[in-house]
Amino acid sequence: MLPLLQAAAAAAHPLDGTAARWLWAVPLLPLAGFVINGALSILPAYHAGAADPGLAHGDGHGAAHLETETPDTAGAHADDHHPVKRHRYAGLVSIIGPGVLMVSFLLSAMIFFAMRGAGGGAMTEPFIQRYFSWMPVGDLKIDAAFHLDQLSMMMTLVVTGVGMLIHIFSVGYMQDDPGYPRYFSYLNLFVFFMLLLVLGGNYPFLFIGWEGVGLCSYLLIGFWFSDKANADAGKKAFVVNRIGDFGFLIAMFLMFANMGTLDFTGVRAATQSLPVGGALVTAICLFLFLGCVGKSAQIPLYVWLPDAMAGPTPVSALIHAATMVTAGVYLVARSSFLFSHAPVAQLVVVLVGAVTAIFSASIGLKQWDIKKVLAYSTVSQLGYMFIGVGSGAYVAGVFHLVTHAFFKALLFLGSGSVIYAMHAAYHHTDNHDDAQDMRNMGGLRQYLPITFILMWIATLAIAGIPPLSGFFSKDEILGSLFARAEHSTIASAHLFGLAGSVWLYFSWALGLAAAFMTATYMTRMMLYTFHGPNRTGEAERSHLREAPWVMTGPLVVLAILAAFGGWLNLPELIPIGRVGLLDHWLEPVVGESTRFVVAGAPEASPGLEYGLIALAVLIAVAGITTAIIKLKPATLVPKREAPQEEGFERVLLDKYYVDEIYDDAIVKPVVGISRGVLWRGVDAGLIDGLGVNGSAYLTRFVGWVGSQLQSGQLGTYAWVLALGVLAVLGAFGLR
Amino acid sequence: MEPHYPLFYTFHFYLFGVIALASALAFVTRRSPVAAALWLVNTMFSLSALYVLLDAQFIGVMQVLVYAGAIMVVFLFVIMLLNLGHGGIGDTRGLGWKLAAGAVGLGILAEIFALTKARAPTILTLPEGFTAREVAQTGAIAPIAAPLFNEYLLAFEVTSILLLAAVVGAVVLGKQRGDEHAR
Amino acid sequence: MLGEALFFSAVLFVIGLFGVLIRRNAIIVFMCVELMLNAVNLTFVAFAQQYGAGGQVFVFFVMTVAAAEAAVGLAIIIALFRHRQTVDLQNINLLKG
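Residues numbered from 1 in each chain as written. Chains lettered and ligands numbered in written order. Predicted model: local features only at pLDDT ≥ 70, side-chain atom pairs only at ≥ 80, totals over all residues. Heavy atoms only, no water.

Draft legend 1. The arrangement of the overall build of chain C in detail. Within chain C, the regular secondary structure consists of three helices and zero strands. By the compact-globule yardstick of 13 Å for 97 residues, chain C is too spread out, its C-alpha radius of gyration being 16 Å. Dimensions of chain C, computed from the C-alpha atoms along their principal axes, are close to 50 × 25 × 20 Å. Across the 97 residues in chain C, those meeting the buried criterion constitute 64%. In chain C, the proportion of contacts linking residues at least 24 apart, taken out of those at least 6 apart, comes to 56%. Within chain C, one finds 5 positive and 4 negative side-chain charges whose respective centroids are separated by 19 Å. (Helix = DSSP H or I, 4+ residues; strand = E, 2+ residues; numbered from the N terminus. Rg over C-alpha atoms; globule rule 2.2 N^0.38 Å. Buried < 20%, exposed > 50% of the residue type's maximum accessible area, 1.4 Å probe, protein only. Contact = heavy atoms within 4.5 Å. Lys, Arg positive; Asp, Glu negative; His and termini not counted. Charge placed at Lys NZ, Arg CZ, Asp CG, Glu CD.)

Laid out in structure tokens, this is it:
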């Protein structure tokens, strides 16, 4: 057991001596998994036989790939022509990889029950474990500490739980990949960092996790890096994330400079003495939010997430749906005391979230790649979460985080099953068509019935149809937003001259529109993929079959969670079970900050609330119906025969050309400056030319001058003597 | 606090000084080495007179005996031996060099004059006319001989070895190649 | 008389230096060096009048060394002349490098 820095502080915590003392094992188990799997991946174990199956296939898009590759980089698939050899250590990795996650999850569950026993939502003090003094520098004392309270407990459960399911799914999905151990080692490392993030007791420790998940995201997006497009996508993710990290760092600097402390309890205490809406708090919150914009893919830094679909599908499920991208939401919820003190910052968060929600939803309406649809859907749903936590409804935002983890992971893993089936089908006929394009799918309900049903559950959840989980969480966000638009500290604030309530109502309208679009594009996806005639091709059709149970099993679990997850926080108006479980659970963490925002607001009338709920359901149903009526899956043709889009549809398909704008406005000038000025000018010219070569030249020159004096001529020497005397006498006389 | 010197003394002092300077200038500007050597001899004679006027009679005689009488004679012997008496064409460097050398010289001169502002501590200064009285008392040689054989004995002995080395060196360097066989 | 003597000495020294820098005949350069030594002797003697006989002792040594130096130096010049048939300093650059 890791020794604690302070054992038994003044006040004993109710969690002392319980399972919570094994808290350190929860992140360290995945770390051990990383080390072991990583070691197994480096050992030379894979021997490509005479028929080398490792001819690099990337993500199935049929792009040109490199011929030369290490055995680990290619993604081989089960194939009749090339008998694929699994990695020699694949069996061992299949046990260790998901195994550590299972133990971690069980441990988290035990700690959760211990917390329930210690009072649950009534446990007012967080359980802090300080392991060692990490950075004691002058006034700055940062410890390696875990901060376990209800919020981090919930996040830990989500991370380990959903992570465990995705690990199990990956055993099936990646089974023939030569990079099998490397994949699991990266995945384990990711879970380790994510747990550091949610369990960290101070902002720098959180930041370690923050950066670490960014690193793992890069490693996993570019998993099949022999294809340059994948490597570029990984790079893009990392670089765009970095821009956000810069904001996070500035916020930390501001915090330390003005508060002298960086751990959560300390900052919370220091914030109480700061003026509400003051420049300092607003600045800190805005810079923290900049970090969230990068990590959680909001406007303008969302561009990396669609490209991140180049990675394996389980990676997209884990990292870009359930966990990493939610780190930003977690950060805002964790810093609730800061954000509630800065209404202007909250307005900015809500606005950015709302605009992002509708912007990316509109792009999702016209995407053909099934994973891209889900990617833009993720960006949109993240916008909702930020609307939630931005408007001071922290519980609502976190609630949506949890339900979104369930149904989005389900959607991604379901699409993974679909892609797996399509790939298998294409390999039988050696077809190189795009296995992820919906125009090549269609009518898959008869071939993949279980996946079909499960994905419809997820679609209904995300659209917000009661009584599935998405309905409750989305409705709570929009309802809280509407209430705060009427009366709250945010409504009283001003941004760009307009009153806060105007902005909030506007955001509410955007949220409703985005909800409509969400329902529409998700139904569209289902229609094109599972309904209508099949466009895959005659020969391939017979090979389409359901995925193995190791992949479908986790889907079932997630579907149950997506269906019944709403019970986590039932509103008072729909008391079909215990009401407000999450509200009570998170009360000690965010309760005070939430009440601060809506202080003095009148109680909302039940009629208004029922009306809002009905409106939300109506919009969801309208969206689904619109899609069913207007979209005719029978009129689609496979991708290779598809006509080019025209007009505004083209703009949506091309994502409003944001990537191209960024490329021209930012990337090209930066690269130009780097190449022209910094490389040629400074590095080659100044440092190499002037510094290195110049100093050598100067030395040789001085040497040459010296050598000229050694002429062998006595007369010259006499001259030098005379001049020397002149100089010395002069120096002497000047003194 | 300059003591009052009789006019006779001052006049002769300046006379010999000017002769020395003029002879030196003539010396450096002669083309013929023999003429230059003879002008240098003249300079040394004037300096010897100056030494006597400065109460260093022994040194004055030594100057004539050693410098003018021996060293310069050796110079003249070598000039005659090497048949350099007529002087070569272009024995001096160009006009530019002359001007530069003149500038350097004037610069050093100016610096020396600037340095004469320094004053030695008065505790070292002998009372007026001390040297003259001493000479009158013990003779001109005793003031030199006493320190020479007491405080500076070591230097004296070393100088004698230096002279030995010089003699040996001169003989070795001057030997002709053929002399080794003709004993 | 100290001041005047020092003046003469300084000027003589500079004249000697001028000659060293200007002339190309080795023997004449040598004689200029002797002139510089003489100027220094004058300085010492002038100071000896005021500060004690140590100055004269030093002049004694200077002369001795000058004699030795002249002997050796002229021997060198003779040896040089035998090899190069010239005493022009510009042509003598064996010290080069």
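Okay, back to it.
Draft legend 2. Representation of the overall build of chain A. A tally of regular secondary structure across chain A gives 27 helices and four strands. Relative to a compact globule of 735 residues, whose C-alpha radius of gyration would be 27 Å, chain A shows 30 Å and is just as compact. For chain A, the C-alpha atoms occupy an extent of roughly 110 × 70 × 60 Å along the three principal directions. Relative to its full complement of 735 residues, chain A shows a buried share of 56%. Excluding contacts between residues fewer than 6 apart, the proportion of contacts in chain A whose partners are at least 24 apart in sequence is 81%. If you sum the accessible surface of chain A, you get close to 28500 Å²; carbon and sulfur atoms cover 69% of it. Across chain A, the centroid of the 40 positively charged side chains sits 2 Å from that of the 48 negatively charged ones. (Areas by Shrake-Rupley, 256 points an atom, 1.4 Å probe, with all protein chains shown as cover.)

Draft legend 3. Structural context of the interface of chain C and chain B. Counting from both sides, the interface comprises 63 residues of chain C and, opposite them, 79 residues of chain B. Buried area between chain C and chain B, summed over both chains or domains, comes out near 6500 Å², and the portion from carbon and sulfur atoms is 77%. Taken together, the links from chain C to chain B amount to 10 residue pairs in polar contact (both at pLDDT 80 or more). At the level of secondary structure, the elements contributing two or more residues to the side of chain C that touches chain B comprise α1 (2–22), α2 (26–51) and α3 (54–84) of chain C. Element by element, the count of residues in the side of chain C that touches chain B is highest for α3 of chain C, at 23 residues. For the side of chain C that touches chain B, the residue count by class is 47 nonpolar, 11 polar and five charged. (Buried area = accessible area lost by both parts, 1.4 Å probe. Polar contact = N/O pair within 3.5 Å; in protein donor to acceptor, adjacent residues only side chain to side chain. Nonpolar A, V, L, I, M, F, W, Y, C, P; charged D, E, K, R; others polar.)

Draft legend 4. Seen up close, empty space enclosed by the protein. All names here are of chain A. A complete count under the given rule lists four cavities of 30 Å³ or more for this structure. When its volume is computed, the largest cavity comes out at roughly 80 Å³. Contributing to the lining of the largest cavity are A463, G464, G470, F471, K474, D475, L478, A515, A616, I619 and A620. Put simply, the parts of the chain that give the lining of the largest cavity at least two residues each are α17 (469–486) and α24 (606–630). (1 Å grid on protein atoms, 1.4 Å probe; cavity = no way out; pocket = protein on both sides within 12 Å on 5 of 7 lines; lining within 4 Å. Points joined across faces, edges and corners; volume = space filled by probe spheres on them.)

Draft legend 5. Region of the structure containing the side chain of N569 of chain A. Residues and elements named next belong to chain A. Topologically, N569 is positioned in the loop between α21 (549–564) and α22 (581–585). With relative accessibility at 2%, the residue N569 sits in the buried group. Side-chain polar atoms of N569 contact the backbone nitrogen of L582, separated by 3.4 Å. Beyond its immediate stretch of four places on either side in the chain, N569 contacts V395, F399, E476, G580, L581, L582 and D583.

Draft legend 6. Broad picture of helix α27 (residues 714–734) of chain A. Here α27 of chain A contains 21 residues, and its C-alpha end-to-end distance of 30 Å stays within 8% of the 30 Å for a straight helix at 1.5 Å per residue. Among the residues making up α27 of chain A, those that are buried are G715, A718, W719, A722, L729 and G730 of chain A. Taken around the axis of α27 of chain A, the buried residues stretch over an arc of 110°, which confines them to a single face. Of the residues in α27 of chain A, the exposed ones pointing more than 90 degrees away from the buried face are L721, V728 and F732 of chain A. Its buried side turned inward, α27 of chain A meets α4 (95–115) of chain B together with α1 of chain C. (Expected span 1.5 Å × (residues − 1). Arc of directions from axis to C-beta.)

Draft legend 7. View of the interface of chain A and chain C. Contact with chain A, which involves nine residues of that partner, is made by 11 residues of chain C. Considering only the side of chain A, the residues that lose the most area to chain C are G712, Q713 and L714 of chain A, jointly responsible for 42% of the buried surface there. The interface formed by chain A and chain C contains zero salt bridges. Counting across the chain A and chain C interface gives zero residue pairs in polar contact (both at pLDDT 80 or more). (Salt bridge = Lys/Arg side-chain N within 4 Å of Asp/Glu carboxyl O.)

Draft legend 8. Seen up close, the packing of aromatic side chains. Inspection of every chain in the model, using the stated rule, returns 43 aromatic pairs over all chains. Look at Y183 of chain A and F184 of chain A: their rings are 5.4 Å apart centre to centre, the planes differ by 90°, and that puts the pair in the edge-to-face class. For the pair formed by Y183 of chain A and F184 of chain A, the shared burial category is buried. Here F44 of chain C and F58 of chain C contribute two aromatic rings whose centre-to-centre distance is 4.6 Å and whose plane-to-plane angle is 35°, an arrangement assigned as tilted. In this pair, F44 of chain C is assigned in helix α2 and F58 of chain C in helix α3, connecting sequence segments 14 residues apart. Take F58 of chain C: its relative accessible area is 45%, and that puts it in the partly exposed class. A network of ring pairs unites the aromatic residues Y5, Y9, F13, Y14 and F113 of chain B together with F7 and F8 of chain C as a single cluster. (Phe/Tyr/Trp six-rings, centres within 6.5 Å; stacked < 30°, edge-to-face > 60°.)

Draft legend 9. A look at the pairing of strand β2 (residues 140–148) of chain A. Residue and element names in this part refer to chain A. Taken across its nine residues, β2 has eight buried, putting it largely inside the fold. As judged from the nine bridges shared by strand β1 (residues 127–137) and β2, these two strands associate in the antiparallel manner. When the sheet's bridge partners are listed, S133 is paired in β2 with D143. Between β1 and β2, which pair antiparallel in sequence order, lie two residues; one of them, G138, sits at a positive phi of approximately 60°. (Pairing = 2+ DSSP bridges.)

Draft legend 10. Summary view of the state of the cysteines. Residue and element names in this part refer to chain A. With the rule as written, the count across this model stands at zero disulfides over all chains. You can see C292 has no disulfide; the closest cysteine sulfur is in C285, sitting 10.0 Å from it. Accessibility expressed as a relative area gives 0% for C292, which makes it buried. (Disulfide = S-S within 2.5 Å.)

Draft legend 11. Spatial organisation of unusual backbone geometry. All names here are of chain A. Residue P300 is bonded to the preceding I299 through a cis peptide linkage, with omega at 0°. Counting through the fold element by element, P300 comes out in the loop between α8 (279–295) and α9 (304–307). Cis geometry marks the peptide bond from P466 to P467, where omega comes out at -5°. By the secondary structure assignment, P467 is in the loop between α16 (449–463) and α17. Even without being glycine, F496 reaches a positive phi, approximately 55°. Position of F496 among the secondary structure elements: in the loop between β3 (494–495) and β4 (498–499). For Y656, which is not glycine, the phi torsion reads 60° and is therefore positive. Along the chain, Y656 turns up in the loop between α25 (647–653) and α26 (658–709).

Draft legend 12. Expanded view of the environment of L582 of chain A. Here L582 of chain A is to be found in helix α22. If sequence neighbours within four positions are ignored, L582 of chain A has contacts with M154, V395, F399, L568 and N569 of chain A.

Draft legend 13. Looking closely at the nonpolar core. Counting residues in each nonpolar core, the largest one holds 224 residues, and the members touching the most others are L148, Y203, L288, L338 and M525 of chain A. Ranked by residues supplied to this core, first place goes to helix α15 (residues 394–428) of chain A with 21 residues. If near-sequence neighbours (up to four positions away) are discounted, L288 of chain A is found in contact with Y203, G247, F248, A251, M255, L331, S335, L338 and F339 of chain A. W719 of chain A, L53 and V78 of chain B together with L35 of chain C belong to the second largest nonpolar core, which has 77 residues in total. (Core = buried A, V, L, I, M, F, W, Y, C linked by side-chain atoms within 4.5 Å.)

Draft legend 14. Just the pattern of salt bridges, in detail. Residue and element names in this part refer to chain A. Throughout the structure, instances matching the rule amount to 14 salt bridges over all chains. D307 is the partner of K236 in a salt bridge, and the nearest nitrogen-oxygen pair spans 3.2 Å. Linking K236 in helix α6 (residues 228–259) with D307 in helix α9, this pair joins segments that are 71 residues apart in sequence. Judged by its relative accessible area of 22%, K236 is partly exposed. One salt bridge in this structure joins K668 and D664, with 3.1 Å as the shortest N-O distance. With K668 and D664 both in helix α26 and four residues apart, this pair spans about one turn of that helix. One salt-bridge network, in which partners are shared between bridges, spans K236, D307, K655 and D659.

Draft legend 15. Spotlight on the packing of α15 of chain A against α16 of chain A. Residues and elements named next belong to chain A. Viewed as axis vectors pointing N to C, α15 and α16 meet at an angle of 145°, and their least axial separation amounts to 9 Å. Taken as a pair, α15 and α16 cross one another with a handedness that is left-handed. Along the contact surface, α15 presents F407, K408, L410, L411, G414, S415, S417 and V418, while α16 presents T451, L454, M455, A458, T459, A461 and I462. When its residues are assigned to classes, the contact of α15 with α16 shows nine nonpolar, five polar and one charged. (Axes fitted to C-alpha atoms, helices over the stretch in contact; angles between N-to-C directions. Left-handed = near helix turned anticlockwise from the far one by under 90°.)

Note that every value here comes from positions in space, so none of it alone points to a role or purpose.
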